[in-house]
Amino acid sequence: MSFLAPLFLLGAVTIALPVFFHLIRRSSKENLPFSSLIFLQPTPPRMTKRSRLEHLLLLLLRCLVICLLALGFSRPFLQKPMLAPQAADSGRKVILLLDRSASMRRAGLWEAALGRAEATLRQTGPGDQVAVYSFDNQVRPLIGFDQWAALPASERVPVTTRRLAEIQPGWAATQLGRALTRAAEAFAEGDQLRRDSGSRRIVLVTDLQEGARLDGLQGYEWPKGIEVQVEVVSPRKTSNAGIQWLAETADSTASEADTGPRLRVSNSANSQRESFQLRWNGVAGALPTDVYVPPGQNRIVAAPKLPPNVTGEQLVLSGDDDDFDNTVYLLPPKAEQIKVLYLGDEKTTDPNQPLFYLQRAFQATRQQNVVIAPHPTTTPLLPTELAATRLVLAADTLPAEQLAALQSFMTNGGTVWYVLKTNAQPASLGQLAGMAPALTVTDVAAPNYAMLSQIAFEHPLFASFADNRYNDFTKIHFWKYRRLDLRQFPGAHVLAKFDNGDPAFLEIPRGAGRLLVLTSGWQPADSQLALSSKFVPLLYAALELAGGIKGQITQGEAGEPVDLSGARVPGQSFPLVVTKPDGTTTTLAAGETRFTGTDLPGIYSVAAGGLPVRFAVNLAGAESRTAPLPLDELERLGVPMKPRAVDPAQQLEQKRRLHDTELESQQKLWRWLTLAALVLLLVETLVASRITNRTTVPLEGTL
Amino acid sequence: MTTAPPTTLSGKTSGSATPAASNRNLIDPQTLMSIRNLELRARVVVEGFWHGMHRSPYHGFSVEFSEYREYSPGDDPRYLDWRLFARSDRYYIKKFEDETNLRCHLLVDNSRSMSYGSLGYTKAQYANTLAATLAYFLYLQGDAVGLLTFDEAIRDYLPARHRPGHLRHIMLKLEQPATGSATNLTAPLARIVRTVKKRALLVLISDLLAPIGALEKDLTSLAACGHEVVIFHVLDPAELNFGFTQSVMFRDVETGRQLYVDPAIARKDYLEKLNAHNTAVEGACKNLGVGYRRLGTDRPLELALFDFLRERMQRGKLVKRRLG
């Protein structure tokens, strides 16, 4: 017989109590009245001699009751052999996920994480299948299940440990949710291949920072049977503040030129400090700025003032314990120069000509500066001029060489907007459109006025007007226009028609580019278009359609891909060459604009034949939120947590205890023992009452 | 029933009957106590006592002769001793001791400790019977009898009188059960001292179970007033012998305090303390000239009465000797 709570057996010692009470000859509870006790002294209870133990049966019953109760409380059970533990080591599959995000660069964390990883590896048995992945914003396998299995059993841990020692924490953000789902999927893949099902566990070695993104787990149904054991490494010092550059966006109200670059300084929730300093790195004469940020809060601050005519690219925050996120790289804003070519002999000051309105349509912004470059028809069009532009507007009859140049321009992807401001241009139009030169173009003067109708709002040119609030073109009146015979333009796409059905706006694909034809002019003699509110958006839409407005690259996030399409020169297919902050260069394949090698924070430059474009890559802001994330958060997202791995001996002991508890709860011997004790108590009561009745004598007559 | 008492309490008794000789005819207290009527009990004792007295050689003196004095004009000629005149031809006046009515106050302790008794009757019953006997005896003699019952305070007080019905009042008061809690002699004795101005005989019947210091103080104040004091110290045989055998919780009837006592162990100590107490009381009485008589409740009451008379007689002799 075994006991679940053997300490309760000590309760049996209390059988000494009834024996003791039986030995005390304190005869009865009755009392004897006496005249006065002034001459009496209390007598201490006297023990009878052993031979005078009275009521042996009663004593025996009482001792038995106590023994039974003590036995019952000690939860006895009949031991049965424990089933041989399942070959736990044989089928166990473990994926070790090692966090190598930027926050692991904090002092001592990486070493601790490697230590934990090694300890986990050492706990695996020869039958275990182990895979080791590192993750930041991406999951990279270090050792797969197959590689592990291929290694000799004695070599597995040392080899894996060496591999682990080779890697270093990177600069990317922590996509914890993505890493966990990827690991869970890796189990599923392995199971599909081998159809084995042992216990499956993910051992996650991480600093579990607040900024670790768990959105990958949202809506992900965690597979059954995979439990996660989190090995959290904690830094010795917890004060950490981070800095991010708030790069100017198109809708920023204030220019950086006025206020200087703006920065977000964030302090982690468990930080011990509140005061930090911001200074330019490598700029002489710039004074540092003090920043006060309470723990768990952010502050938007302006960068310290720079001396006149000096630019700084590196700002450093100081005053916290960890400096992995204390440097931010920034580039001064630079407006993009966009050139639009206008072919025609008009005077720029003539308000009756389209050029006059065109020049006033584009206003310089912080993002871009559109320049209209008038080019007379008499001067030959140089390829370099065409190479620097994406949109060419023409409103005159063009000479043959210019037409040829425009044709090749269009074939290479350029866009030509041809405005039929007179009916004397059919030859040029025919040449540009690639048709026979004998086009019929007739002048039409609308009886009152013509309006645009049947506008193709799905086309990029008019897409911005698709909303009901802006799609009213009826206020734009056309007095005169040129009628074209659509049958002569078989590939043309009519973007807008006049209300009488005549085409107003055509798009004719030409090679990689296109020809846009407006059958009327926007000068007041022809229409009200130039004076309407639709004119400027339409021009911008055309410029965008032509590829003239490129997305500007300002800032990238470490570890995240950067779209470098802005650096590509239109019409040229030079490969992009990216120079990293450490001087290494990466050449992207032709046509490839996605750069994924942002593994270092700093200033990158990319060149594609022309002037190099520079962009900054900074640490993800979330990495600065280094306060520990509560483990409940993972559980809330449905990830089953497993407590930290325990010593095998302890584990065995735990199993044994569990087995004993189960046996005891099945047998429930304590119930019978308690019942027996109750029965004995009943018997004891009966016996005692009989004895009491027999021995009751009037005490006052005992003289 | 005799109408004239054979003896007087005013000073001398005519003699003393040996208790051993009369024991055979004495009434067993237990039998006596089975008589429920207190007055009847008293009468039985007194009559039994008188029967004994008739056999005694000391009865027959009703007038106490004191001395002769020469006659001087103005004296009452009734007291001339004519026989002496015949012999000596001189006039002598025969002088007798002043014969006054005795004023006797019975002080009966009715505290709760008196309600203890191991013989089937309590000390209080015994004490009341004794008081009733004395009262009856004295009443029959024509003496004035008063009664004061007390516990920790005075319960009843009847002044000393000799009138029809007074004896009945005394009996009724004595028949009331003992209800008091503690024994406190100070208040009743102070009251007696305050009210009784004339010299009187005070008979205190109590178990005197109170601290000896207070007792001595109270008795001293009483004796200092010039009263003649006789104390009957009534104790139960169980109190005197402590003959218990079984260990039991003893409960103080006065205070309710409980004490576990093993008699085998405690007896010696108890008896020592009790004897010391009794000796101290007795010594104090002796010093103060107070008559002291210890009575076990198993002692026949006639003997108690006899003791009383003998005590009186001895005191009378003592007084006489002093006077002479």
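All figures in this text were calculated on a predicted structure; none of them were measured in a lab.

Another aspect to go through is the overall build of chain A. Helix and strand counts for chain A stand at 16 helices and 33 strands. In chain A, which comprises 703 residues, the proportion classed as buried is 35%.

We now examine the overall build of chain B. Secondary structure assignment for chain B yields 11 helices and 10 strands. Split into buried and exposed, the 324 residues of chain B put 39% on the buried side. By sequence separation, contacts in chain B at least 24 residues apart represent 78% of the contacts at least 6 residues apart.

Now for the environment of Ala 102 of chain A. Residue and element names in this part refer to chain A. Tracing the backbone through its elements, the reader meets Ala 102 in the loop between strand 4 (93–99) and helix 3 (109–122). For Ala 102, a count of 28 C-beta atoms within 10 Å corresponds to the buried category. Between the C-alpha atom of Ala 102 and that of Ala 172, which follows or precedes it by 70 residues, the distance is 5.6 Å. Other than its neighbours up to four places away in sequence, Ala 102 contacts Pro 169, Gly 170, Trp 171, Ala 172, Phe 324, Asp 325, Ala 558, Leu 619 and Glu 623.

Attention now moves to unusual backbone geometry. Even without a glycine there, the phi angle at Lys 668 of chain A is positive, about 50°. Along the polypeptide, Lys 668 of chain A turns up in the loop between helix 15 (648–667) and helix 16 (669–695). With 11 C-beta atoms counted inside 10 Å, the residue Lys 668 of chain A sits in the exposed group. The residue Leu 208 of chain B is not glycine, and still its phi comes out positive at about 50°. Here Leu 208 of chain B shows up in the loop between strand 6 (201–206) and helix 8 (212–223). Note on Leu 208 of chain B: 23 C-beta atoms within 10 Å, which makes it buried.

This part covers the sheet that holds strand 6 (residues 139–143) of chain A. All names here are of chain A. Reading across from one edge, 6-5-4-7-8-33 is the order of the six strands in this open sheet, with mixed pairing throughout. The open sheet has two edge strands with one neighbour each: strand 6 and strand 33 (641–642). Lying over the sheet, helix 3 contacts strand 4, strand 5 (129–135), strand 7 (200–206) and strand 8 (226–232), oriented at roughly 175° with respect to strand 4. Packed onto the sheet, helix 5 (residues 153–166) meets strand 4, strand 5 and strand 6 and runs at close to 140° relative to strand 6.

On to the sheet that holds strand 12 (residues 289–292) of chain A. Residue and element names in this part refer to chain A. Taken in spatial order, the four strands of this open sheet run 12-11-14-15, and their pairing is antiparallel. Only two strands of the sheet have a single partner each, and these edge strands are strand 12 and strand 15 (327–329). When strand polarity is set aside, the average angle formed by the axes of neighbouring strands in this sheet is 25°. Pairing between strand 14 (residues 314–318) and strand 15: three bridges, direction antiparallel. Across the sheet, Gln 314 pairs through a bridge with Tyr 329, a residue of strand 15.

Moving on, we come to the confidence of the model for chain B. All names here are of chain B. With 80% of its residues at a pLDDT of 70 or more, chain B has an overall mean of 76. Per-element averaging of pLDDT across chain B places helix 1 (residues 19–22) at the bottom with 41 and helix 4 (residues 82–88) at the top with 90. Low pLDDT, under 50, characterises residues 1–24; the stretch is placed with 48 contacts to residues that sit more than four places away or in other chains. pLDDT under 50 marks residues 53–62. Its contacts with residues more than four places away, or in other chains, come to 15 contacts. The ipTM assigned to the predicted complex is 0.72, against a pTM of 0.50.

Taken together, the 22 residues of chain A in the interface contact 31 residues of chain B. A per-class count over the side of chain A that touches chain B returns 10 nonpolar, eight polar and four charged. Pairing of strand 2 (residues 31–34) of chain A with strand 8 (residues 248–252) of chain B involves four bridges; the strand directions are parallel. Paired with Asn 31 of chain A across the strands is Met 249 of chain B, a residue of strand 8 of chain B.

A few words on the confidence of the model for chain A. For chain A, per-residue confidence averages 84 on the pLDDT scale, and residues scoring 70 or more make up 89% of the total. Note on residues 697–703 of chain A: pLDDT is under 50 here. Beyond four places in sequence and across chains, it has 13 contacts.

Here we come to the nonpolar core. Ranked by internal contacts, the top residues of the largest apolar core, which has 67 residues, are Leu 106, Ala 131, Ala 135, Val 203 and Ile 205 of chain B. Sorting elements by how many residues they give to this core places helix 5 (residues 123–141) of chain B first, with 12 residues. Ignoring sequence-local partners within four residues, the contact set of Ile 205 of chain B consists of Leu 106, Leu 107, Val 108, Asp 109, Ala 127, Leu 130, Ala 131, Phe 232 and Val 234 of chain B. Within the second largest apolar cluster, 58 residues are counted, among which are Tyr 342, Ala 433, Leu 461 and Tyr 481 of chain A.

Residue and element names in this part refer to chain A. Of note, Gln 425 is situated in the loop between strand 19 (415–419) and helix 11 (426–433). It is 10.0 Å that separates the C-alpha atoms of Gln 425 and Thr 440, two residues lying 15 residues apart in sequence. When residues no more than four places from it in sequence are discounted, the contact partners of Gln 425 are Thr 397 and Leu 420.

Before going further, it helps to spend a moment on the packing of helix 5 of chain B against helix 6 (residues 166–175) of chain B. Residues and elements named next belong to chain B. It is the contact of helix 5 with helix 6, at a shortest axis distance of 10 Å, that shows an interaxial angle of 175°. Put simply, helix 5 runs roughly antiparallel to helix 6. Contact residues: Asn 128, Ala 131, Ala 132, Ala 135, Tyr 136 and Tyr 139 in helix 5; Leu 167, Ile 170, Met 171 and Leu 174 in helix 6. Considered class by class, the residues forming the contact of helix 5 with helix 6 number nine nonpolar, one polar and no charged.

Before going further, it helps to examine the environment of Leu 271 of chain B. By the element assignment, Leu 271 of chain B lies in helix 10 (residues 263–288). When the C-alpha positions of Leu 271 of chain B and Asn 241 of chain B are compared, they lie 7.2 Å apart, and in sequence the two are 30 residues distant.

All names here are of chain B. Between helix 8 and helix 10, the least distance of the axes is 10 Å, while the angle of their chain directions is 20°. Here helix 8 is positioned roughly parallel relative to helix 10, judged by the angle of their axes. In this structure, helix 8 crosses over helix 10, and the sense of that crossing is right-handed. On the side of helix 8, the interface is formed by Ile 212, Leu 215, Glu 216, Leu 219, Thr 220 and Ala 223, while helix 10 contributes His 277, Ala 280, Val 281, Ala 284, Cys 285 and Leu 288. Looking at the contact of helix 8 with helix 10 residue by residue, the classes come out as nine nonpolar, two polar and one charged.

Parameters and conventions
Residues numbered from 1 in each chain as written. Chains lettered and ligands numbered in written order. Predicted model: local features only at pLDDT ≥ 70, side-chain atom pairs only at ≥ 80, totals over all residues. Helix = DSSP H or I, 4+ residues; strand = E, 2+ residues; numbered from the N terminus. Buried ≥ 20, exposed ≤ 12 C-beta atoms within 10 Å, placed from the backbone. Contact = placed C-beta atoms within 7 Å. Pairing = 2+ DSSP bridges. Axes fitted to C-alpha atoms, helices over the stretch in contact; angles between N-to-C directions. pLDDT = per-residue confidence, 0-100. Nonpolar A, V, L, I, M, F, W, Y, C, P; charged D, E, K, R; others polar. Core = buried A, V, L, I, M, F, W, Y, C linked by C-beta atoms within 7 Å. Parallel < 35°, antiparallel > 145°, perpendicular 65-115°, else oblique. Left-handed = near helix turned anticlockwise from the far one by under 90°.

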